[in-house]
Amino acid sequence: MHPRHPEIDPQLLSETDEQRQLRTVLRDFYTEASGPEDVRKHLATPRGYDEVLWTRLAGEIGVHGLAVPEEYGGSGFTFAELAVALEESGRALYCAPLLPTVALAAHALLHSGDREACERYLPRIADGTLTATVAGFDAGEPEGPEGPGEHGVTAEQGGSGWVLRGQADFVLDGAGADLILVRAQTPAGARLFACEPTPDTCPRTARRVLDETRRQALVEFRGAPATAVGTAEITGDTVSATLDTGRAALAAEQVGGSGHALDATVEFTAQRHQFGRPIGSFQAVKHRLADVLVALEAARSASAYASACAAVGSPQLPVAASAAAVVCSETFRLATAEYVQLHGGIGFTWEHPAHLYVRRARGSEVLFGTADRHRARLAELIGLSTRSAA
């Protein structure tokens with residue numbers, strides 16, 4: 001049985017005045033500049049999102065630097081503030097690479113403890129001029145493959161430094177990111193590397209995925225120059241902490257998307273009339289909406305706890321992140337299913353935004369491991385399972 005860790009201060013689970021203000025500003029911002037039609041329009045562009053809006057989000061509101069320390073060009077808040085921004089981006093289905101850049105890559109740099117790498121990259125992440133992602137991190141998970149495998153990456157030292165060989169598939173924003181933080185195998189074990197990809201040594205092929213608002217790609221490394229980040233001894237801890245931070249971030253997005261699905265469905269059922277009355281007045285419809293609300297409140301609690309753990313670096317983060325992954329994934333699936341069903345015929349059309357949220361929900365629930373994998377991980381973390389992690 002793992003030792004009991006100190007509990008999170010309940011005060012950290014309550015939204016502060018600053019967080020409420022941030023939420024209001026962001027909701028107004030997304031309503032004005034990133035509605036469903038804007039999302040559809042920008043999906044057809046080369047980068048898949050509005051790059052002007054990305055710059056405004058970083059410069060006018062400072063979202064990208066919320067959880068970045070001031071010494072690296074950020075505003076020095078915590079992951080709790082970033083989670084508010086991610087929840088609102090999930091609610092609006094904002095399709096820019098906030099998750100890979102700000103939640104994964106930025107936190108991988110911070111967790112690595114490599115001051116030089118942080119000074120080189122974090123200020124540009126914070127001001128919106130650098131997009132980034134991670135690759136090969138799933139190979140560091142207990143459930144992942146041993147060694148580099150078919151889709152793994154290896155690193156070797158050449159005359160001018162480290163070079164990467166191999167490939168990583170379904171990398172978030174892999175085709176467009178300016179920086180890729182790669183977990184690669186070296187003769188001495190796994191290390192973390194920073195690679196600024198170029199077409200000749202790092203060809204990237206966009207993958208066709210269900211959720212077009214979250215682009216993914218096959219990234220090949222053909223002698224790609226790279227710089228080691230952090231030390232070999234903490235690579236495993238860096239990767240694990242980054243993935244759990246990503247799970248907490250994704251949970252916040254899922255809560256936002258679920259909230260939109262419920263609100264939009266409640267609004268529709270209040271307006272749509274059958275038999276001379278709003279369909280929302282029928283008890284069967286009320287029950288279904290109540291089930292979504294109950295699930296959403298559970299998801300909010302799970303997400304808030306995971307975000308609080310990430311904000312203070314709690315040793316409870318692995319448990320909180322996996323619990324949030326299970327609860328928030330299942331809530332998002334339920335909320336989007338009812339979003340479609342209770343809108344009736346129009347909910348099944350391409351013109352209605354419901355299908356975009358369904359796609360996001362289905363893509364998100366397998367992004368950092370399925371619910372079943374997280375249940376198994378939770379059982380191990382809290383001592384309910386004796387299954388080896390290998």
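Since we're looking at a predicted model, the values are computed, not measured. (Residues numbered from 1 in each chain as written. Predicted model: local features only at pLDDT ≥ 70, side-chain atom pairs only at ≥ 80, totals over all residues. Heavy atoms only, no water.)

## Looking at the layout of surface pockets
So, point 1. Of the voids in this model, the second largest pocket is the one considered here, and its volume is about 460 Å³.
So, point 2. Residue lining of the second largest pocket: 24 residues in total, with Leu12, Leu13, Glu15, Gln19 and Ala304 positioned closest to the centre.
So, point 3. A total of 8 residues in the lining of the second largest pocket trace back to one element, the largest contributor, which is helix H8 (residues 283-312).
So, point 4. Tallied by class, the residues present in the lining of the second largest pocket amount to 10 nonpolar, 8 polar and 6 charged. (1 Å grid on protein atoms, 1.4 Å probe; cavity = no way out; pocket = protein on both sides within 12 Å on 5 of 7 lines; lining within 4 Å. Points joined across faces, edges and corners; volume = space filled by probe spheres on them. Helix = DSSP H or I, 4+ residues; strand = E, 2+ residues; numbered from the N terminus. Nonpolar A, V, L, I, M, F, W, Y, C, P; charged D, E, K, R; others polar.)

## Considerations on the UniProt feature "domain: Acyl-CoA dehydrogenase/oxidase N-terminal" (unreviewed entry) in the protein
So, point 1. Within the UniProt annotation, "domain: Acyl-CoA dehydrogenase/oxidase N-terminal" (unreviewed entry) is assigned to residues 16-128.
So, point 2. For residues 16-128, helix accounts for 68% and strand for 0%, while the C-alpha atoms at its two ends are 26 Å apart. (UniProt positions renumbered as here; feature names shortened; annotations may be inferred.)

## Thoughts on the packing of helix H9 (residues 317-341) against helix H10 (residues 354-364)
So, point 1. Following both chains from N to C, one finds H9 and H10 inclined at 160°, their axes separated by 9 Å at the closest point. By the angle between their axes, H9 is roughly antiparallel relative to H10. Both H9 and H10 take part in a crossing whose hand is left-handed. Contacts between H9 and H10 pair Phe332, Arg333, Thr336, Tyr339 and Val340 from the former with Ala354, Tyr357, Val358, Arg360, Ala361 and Arg362 from the latter.
So, point 2. When the residues that make up the contact of H9 with H10 are grouped by side-chain class, the tally is 7 nonpolar, 1 polar and 3 charged. (Axes fitted to C-alpha atoms, helices over the stretch in contact; angles between N-to-C directions. Parallel < 35°, antiparallel > 145°, perpendicular 65-115°, else oblique. Left-handed = near helix turned anticlockwise from the far one by under 90°. Contact = heavy atoms within 4.5 Å.)

## Examining the pattern of salt bridges
So, point 1. In the structure shown here, the tally under the stated rule is 27 salt bridges.
So, point 2. Two residues, Arg165 and Glu156, come together in a salt bridge whose shortest N-O distance is 3.3 Å.
So, point 3. Here Glu156 falls in the partly exposed class, since its relative accessible area comes to 38%.
So, point 4. A salt bridge links Glu253 to Arg360, with the shortest nitrogen-to-oxygen separation between them at 3.5 Å. Taken together, the positions of Glu253 in helix H7 (residues 235-271) and Arg360 in helix H10 put the pair 107 residues apart, joining distant regions of the chain.
So, point 5. In this structure Glu253 comes out as buried when scored by relative accessible area, which is 5%.
So, point 6. Linked through salt bridges whose partners overlap, the residues forming this network are Glu15, Arg23, Arg27, Glu87, Glu88, Glu297 and Arg300. (Salt bridge = Lys/Arg side-chain N within 4 Å of Asp/Glu carboxyl O. Buried < 20%, exposed > 50% of the residue type's maximum accessible area, 1.4 Å probe, protein only.)

## Remarks on empty space enclosed by the protein
Rolled over the atoms, a probe sized like a water molecule indicates the empty space that remains.
So, point 1. Under the definition given, this model contains 3 cavities of 30 Å³ or more.
So, point 2. There is about 170 Å³ of room inside the largest cavity.
So, point 3. Forming the walls of the largest cavity are 17 residues, and the residues nearest its centre are Cys95, Ala96, Pro97, Thr213 and Arg214.
So, point 4. In terms of residue count, the dominant contributor to the lining of the largest cavity is helix H5 (residues 98-112) (3 residues).
So, point 5. Both domains that furnish three or more residues to the lining of the largest cavity are identified here as domain 1 (10-131) and domain 2 (135-232).
So, point 6. In this structure, the second largest cavity encloses a volume near 50 Å³.
So, point 7. Taken together, Arg247, Leu250, Gln254, Ala325, Ser329, Ser364, Glu365, Leu367, Phe368, Gly369 and His374 make up the lining of the second largest cavity.
So, point 8. Put simply, the parts of the chain that give the lining of the second largest cavity at least two residues each are H7 and H9.
So, point 9. At 3 residues, the largest contribution of residues to the lining of the second largest cavity is made by H7.
So, point 10. Residue classes in the lining of the second largest cavity are distributed as 4 nonpolar, 5 polar and 2 charged. (Domains from an automatic or database assignment.)

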